[in-house]
Amino acid sequence: MESKAMKIKTKQNIRDAVLTFISISALLILWVAVSSNNSQIFPTPAAVWERLIKMIEKPIGKTSVLGHIAISMRRVLIGLSFATVLGILTGLGMGWSKKINAIISPIFTCLRPIPPIAWIPIIILWFGVGELPKVIIIFIGSYFIIGQNTAAGISMVDPMYINVGRIYKASSWQMLMHIVFPAALPAIMAGLKIGLSSAWMVVVAAEMLASKSGLGFLITRGSDNLDTPLVMIGMICIGIVGALLSVVFGIIERRLCPWREEENQ
């Protein structure tokens, strides 16, 4: 049975790899077809590659492409770290305590629908255009998502688990940390995944408005100078890094929630 399951999984992996190759090839073919009609508006892959080589030889802002990616990543990780800690704590309180939920839930209901980009002007007015505003905007973009998902996960825990904890006379803290939190972990991880993607999009938007480094800055620089290949380089880097972040997070999620992979099989 185990050997048969391994063969099926191997076939699925091969199938997925082939489909991935086909989809990427189709995208490249579409890119070449569209750009061949008007390369000034939509640069060809060759033009983008040449611009990348030129950027390696003469970095923009004295920073290489990898340097701009690292700067954006650093901003995301700092803002997301604070959002993760505070978001999970807030969500735990909202999902576990009706009193805390009654206090915080209206605030979440009012602030959650506001797009993170809408905060950018007022954050810049309050804190200027340094690194702190970008971190705050990233924090806002992921905090509400993580907090709301955590609260939803806690509130949806099967009451049977809680009753078992009460039978064994577990304290509220023990029940929360050893029963409720592990049961809500899939929902929390889902919130973290969405929060990560949101943080990555928000940092690019923040860098496009007020920054001298990062991938958003490259896109703005290219737009201001009518340098469409540079704009494409920034967009491609954003897509590749976003995909890699999703893959890495998926590996972490499978390690922390291995039972979810078993359920999907």
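Residues numbered from 1 in each chain as written. Predicted model: local features only at pLDDT ≥ 70, side-chain atom pairs only at ≥ 80, totals over all residues. Heavy atoms only, no water.

Check the secondary structure of the protein and you find eleven helices and zero strands. Seen in sequence order, the protein has helices and strands lined up from the N terminus as α-α-α-α-α-α-α-α-α-α-α. Reported as C-alpha extents along the three principal axes, the dimensions of the protein are approximately 70 × 60 × 30 Å. Pairs at least 24 apart in sequence give 70% of the contacts found in the protein among residues at least 6 apart. Computed over 23 positive and 13 negative side-chain charges, the separation of the two mean positions in the protein equals 5 Å. (Helix = DSSP H or I, 4+ residues; strand = E, 2+ residues; numbered from the N terminus. Contact = heavy atoms within 4.5 Å. Lys, Arg positive; Asp, Glu negative; His and termini not counted. Charge placed at Lys NZ, Arg CZ, Asp CG, Glu CD.)

Time to look at the nonpolar core. Ranked by size, the top nonpolar core spans 57 residues in total, and within it Ile69, Val76, Trp200, Leu215 and Leu218 carry the most contacts. Those elements giving two or more residues to this core turn out to be helix H2 (45-57), helix H3 (65-96), helix H5 (120-127), helix H6 (131-155), helix H8 (172-209), helix H9 (215-224) and helix H10 (228-256). Examining the composition of this core, we find that 15 residues originate from one element, H8, more than from any other. With residues up to four places along the chain from it excluded, the contact list for Trp200 reads Ser72, Met73, Val76, Leu215, Ile238, Val241, Gly242 and Leu245. (Core = buried A, V, L, I, M, F, W, Y, C linked by side-chain atoms within 4.5 Å. Buried < 20%, exposed > 50% of the residue type's maximum accessible area, 1.4 Å probe, protein only.)

Among the surface-exposed residues, Ile14, Val18, Leu19, Phe21 and Ile22 lie close enough to one another that they form a single nonpolar patch of about 510 Å² accessible area. One can find Ile22 in helix H1 (residues 2-37). Residue classification places Ile22 among the partly exposed residues on the basis of a relative accessible area of 47%. (Patch = residues over 30% accessible without salt bridge, like charges linked within 9 Å, V, L, I, M, F, W, Y side chains within 5 Å. Areas by Shrake-Rupley, 256 points an atom, 1.4 Å probe, with all protein chains shown as cover. Salt bridge = Lys/Arg side-chain N within 4 Å of Asp/Glu carboxyl O.)

Taken as a whole and judged by the stated rule, the model has four salt bridges. For Glu131, the salt bridge identified is with Arg74, shortest N-O distance 3.8 Å. In this pair, Glu131 sits in helix H6 while Arg74 sits in helix H3, placing the two residues 57 residues apart along the sequence. Across the salt bridge formed by Arg75 and Glu131, the nearest N and O atoms sit 2.7 Å from each other. With a gap of 56 residues between them, Arg75 in helix H3 and Glu131 in helix H6 connect regions that are remote in the sequence. Here Arg75 falls in the buried class, since its relative accessible area comes to 1%.

Looking at Arg75, its side chain comes within polar contact range of the side chain of Ser213, at 2.9 Å. Ignoring sequence-local partners within four residues, the contact set of Arg75 consists of Glu131, Lys134, Val135, Ile138, Val203, Glu207, Ser211, Ser213 and Gly214. (Polar contact = N/O pair within 3.5 Å; in protein donor to acceptor, adjacent residues only side chain to side chain.)

This brings us to the packing of aromatic side chains. This model, assessed by the stated rule, comprises five aromatic pairs. Relative to Tyr143, the ring of Phe108 has its centre 5.6 Å away and its plane inclined at 55°; by these criteria the two rings are tilted. Pair noted here: Phe108 is in helix H4 (residues 98-111) and Tyr143 is in helix H6, with a separation of 35 residues, a long-range link. Assigned by exposure class, Phe108 and Tyr143 land together as buried. Look at Tyr143 and you get buried, because its relative accessible area is 13%. Ring-pair connections join several aromatic residues into one group, and the members of that group are Phe108, Phe139, Tyr143 and Phe144. (Phe/Tyr/Trp six-rings, centres within 6.5 Å; stacked < 30°, edge-to-face > 60°.)

Here the focus is the packing of H5 against H6. In the contact formed by H5 and H6, the axes pass within 9 Å of each other and the chain directions differ by 140°. Crossing angle aside, the handedness with which H5 passes H6 is right-handed. Judged by residue contacts, Ile120, Ile123 and Phe127 of H5 engage Leu132, Pro133, Ile136, Ile137 and Ile140 from H6. (Axes fitted to C-alpha atoms, helices over the stretch in contact; angles between N-to-C directions. Left-handed = near helix turned anticlockwise from the far one by under 90°.)

Let us look at unusual backbone geometry. One non-glycine residue with positive phi stands out, namely Leu226, at about 55°. A relative accessible area of 76% means that Leu226 is categorised as exposed.

Once that is clear, we can look at the confidence of the model for the protein. Considering every residue of the protein, the mean pLDDT works out to 84; 93% of them sit at 70 or more. Between the elements of the protein, mean pLDDT differs from a low of 54, seen in helix H11 (residues 258-264), to a high of 91, seen in H3. (pLDDT = per-residue confidence, 0-100.)

The residue Ser171 is located in the loop between helix H7 (159-167) and H8 in this model. What makes Ser171 partly exposed here is its relative accessible area of 34%. Considered as a pair, Ser171 and Pro133 are 38 residues apart in the sequence and their alpha carbons are 41 Å apart.

Next up on the list: a positive patch on the surface. Among the surface-exposed residues, Lys9, Lys193, Arg254 and Arg255 lie close enough to one another that they form a single positively charged patch. As for its position among the elements, Arg254 is in helix H10.

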